[in-house]
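Chain residues, written in single-letter form:
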Amino acid sequence: MTQAFEGQPADPSAEEVANQLASVVGRLLRRLRSSSSESLLTPTQRSVLARLDDGGAATTADLARAEFVRPQSMRLTLGALEGQGLVERAPHPADGRKSVMSITDAGRTVLARVRAAKRNWLAEAVAAELDGHERRAVAEAVALIERLVGS
């Protein structure tokens with residue numbers, strides 16, 4: 001980080017903040033993923049379950065595009081999820097040659113457990129590592145990050 005006059009830190013550049021934020025967010029995501037590993041789902045399987053839960057039924061091709069994978073890879077992912085009873089297949093409502101996949105109640109239960117494990121790990125880490133002032137600072141940073149991502 002650059003320094004200003006008389007020992008006062010200069011405002012960091014946009015590039016410095018972007019690099020630091022990308023690095024720390026990446027590490028946070030890896031920790032969150034590892035906090036819910038007991039579910040025995042791969043990251044792609046968890047992502048597909050979340051996508052189906054949030055967005056509703058979708059075709060294999062739609063899911064492959066959304067997850068940036070080949071349709072063949074998505075078929076394997078969906079086959080594993082279907083084998084565990086976490087997703088189910090139904091005929092496409094407009095095109096009988098296609099099928100759509102949707103999350104099952106069992107899939108929602110597993111996804112809720114995964115999400116809860118992540119939230120619990122993060123809440124415990126915040127409670128253990130940050131005092132009240134630091135928690136407020138993180139809350140303010142979260143609001144700024146939300147603004148950046150447009151939510």
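**As for helix α1 (residues 14-35)**
So, step 1. Over its 22 residues, α1 extends 31 Å from the first C-alpha to the last, a length consistent with the 32 Å expected when each residue adds 1.5 Å.
So, step 2. Along α1, the positions that sit buried rather than exposed are Gly26, Leu32 and Ser35.

**Digging into the nonpolar core**
If you look at soluble globular proteins, the nonpolar side chains tend to sit buried side by side.
So, step 1. Ranked by internal contacts, the top residues of the largest apolar core, which has 18 residues, are Val48, Leu49, Leu52, Leu63 and Leu81.
So, step 2. Those elements giving two or more residues to this core turn out to be α2 (43-55), α3 (60-67), α4 (71-83), β2 (99-103) and α5 (105-129).
So, step 3. Top contributing element to this core by residue count: α2, with 4 residues.
So, step 4. Leu81 has contacts with Leu41, Gln45, Val48, Leu49, Leu86 and Val87, leaving out every residue within four places of it along the chain.

**A few points about the packing of α2 against α3**
So, step 1. The interhelical angle for the contact between α2 and α3, taken along N-to-C directions, is 115°, at an axis separation of 11 Å. At the point where α2 passes α3, the crossing takes the right-handed sense. When α2 is examined against α3, the residues Ser47, Val48, Arg51 and Leu52 are found in contact with a partner set consisting of Leu63, Ala66 and Glu67.
So, step 2. In terms of residue class, the contact of α2 with α3 is built from 4 nonpolar, 1 polar and 2 charged.

**Topic: the packing of α2 against α5**
So, step 1. Running from N to C, α2 and α5 cross one another at 115°; their axes reach a closest spacing of 10 Å. Classified by the angle their axes make, α2 and α5 are roughly perpendicular. Classified by chirality, the crossing of α5 by α2 is left-handed. Residue-level contacts link Arg46, Leu49, Ala50, Asp53 and Asp54 of α2 to Gly107, Arg108, Leu111, Val114 and Arg115 of α5.
So, step 2. Partitioned by chemical class, the residues of the contact of α2 with α5 number 4 nonpolar, 1 polar and 5 charged.

**Considering the confidence of the model for the chain**
So, step 1. Mean pLDDT for the chain: 91, with 92% of residues reaching 70 or above.
So, step 2. The secondary-structure element of the chain with the lowest mean pLDDT is α1, recorded at 91, while α4 shows the highest, at 97.

**Overview of the side chain of Thr59**
So, step 1. Position of Thr59 relative to the elements: it lies in the loop between α2 and α3.
So, step 2. Separated by 3.0 Å, the side chain of Thr59 and the backbone nitrogen of Asp62 make a polar contact.

**Considerations on unusual backbone geometry**
So, step 1. Phi at Phe68 is positive, roughly 60°, even though this residue is not glycine.
So, step 2. Along the chain, Phe68 turns up in the loop between α3 and α4.

**Some remarks on the pattern of salt bridges**
Close approach of charged atoms allows side chains of opposite charge to pair.
So, step 1. In this structure the tally under the stated criterion is 8 salt bridges.
So, step 2. A salt bridge links Asp53 to Arg108; the shortest N-O distance between them is 3.3 Å. You can see Asp53 sitting in helix α2 and its partner Arg108 sitting in helix α5, a full 55 residues away along the chain.
So, step 3. A residue is classified by how much of its surface remains accessible, and Asp53, at 28% relative accessible area, is partly exposed.
So, step 4. Since its relative accessible area comes to 39%, Arg108 is described here as partly exposed.
So, step 5. Linking Asp53 and Arg115 is a salt bridge whose minimum nitrogen-to-oxygen distance equals 3.3 Å.

**Focus on the environment of Ala64**
So, step 1. In this fold, Ala64 is placed in helix α3.
So, step 2. For the pair Ala64 and Ser102, spaced 38 residues apart in sequence, the C-alpha to C-alpha distance is 14 Å.
So, step 3. In this structure, Ala64 is in contact with Val69, Arg70, Pro71 and Met74, ignoring residues within four places of it in sequence.

Cut-off values and rules
- Residues numbered from 1 in each chain as written.
- Predicted model: local features only at pLDDT ≥ 70, side-chain atom pairs only at ≥ 80, totals over all residues.
- Heavy atoms only, no water.
- Helix = DSSP H or I, 4+ residues; strand = E, 2+ residues; numbered from the N terminus.
- Expected span 1.5 Å × (residues − 1).
- Buried < 20%, exposed > 50% of the residue type's maximum accessible area, 1.4 Å probe, protein only.
- Core = buried A, V, L, I, M, F, W, Y, C linked by side-chain atoms within 4.5 Å.
- Contact = heavy atoms within 4.5 Å.
- Axes fitted to C-alpha atoms, helices over the stretch in contact; angles between N-to-C directions.
- Left-handed = near helix turned anticlockwise from the far one by under 90°.
- Nonpolar A, V, L, I, M, F, W, Y, C, P; charged D, E, K, R; others polar.
- Parallel < 35°, antiparallel > 145°, perpendicular 65-115°, else oblique.
- pLDDT = per-residue confidence, 0-100.
- Polar contact = N/O pair within 3.5 Å; in protein donor to acceptor, adjacent residues only side chain to side chain.
- Salt bridge = Lys/Arg side-chain N within 4 Å of Asp/Glu carboxyl O.

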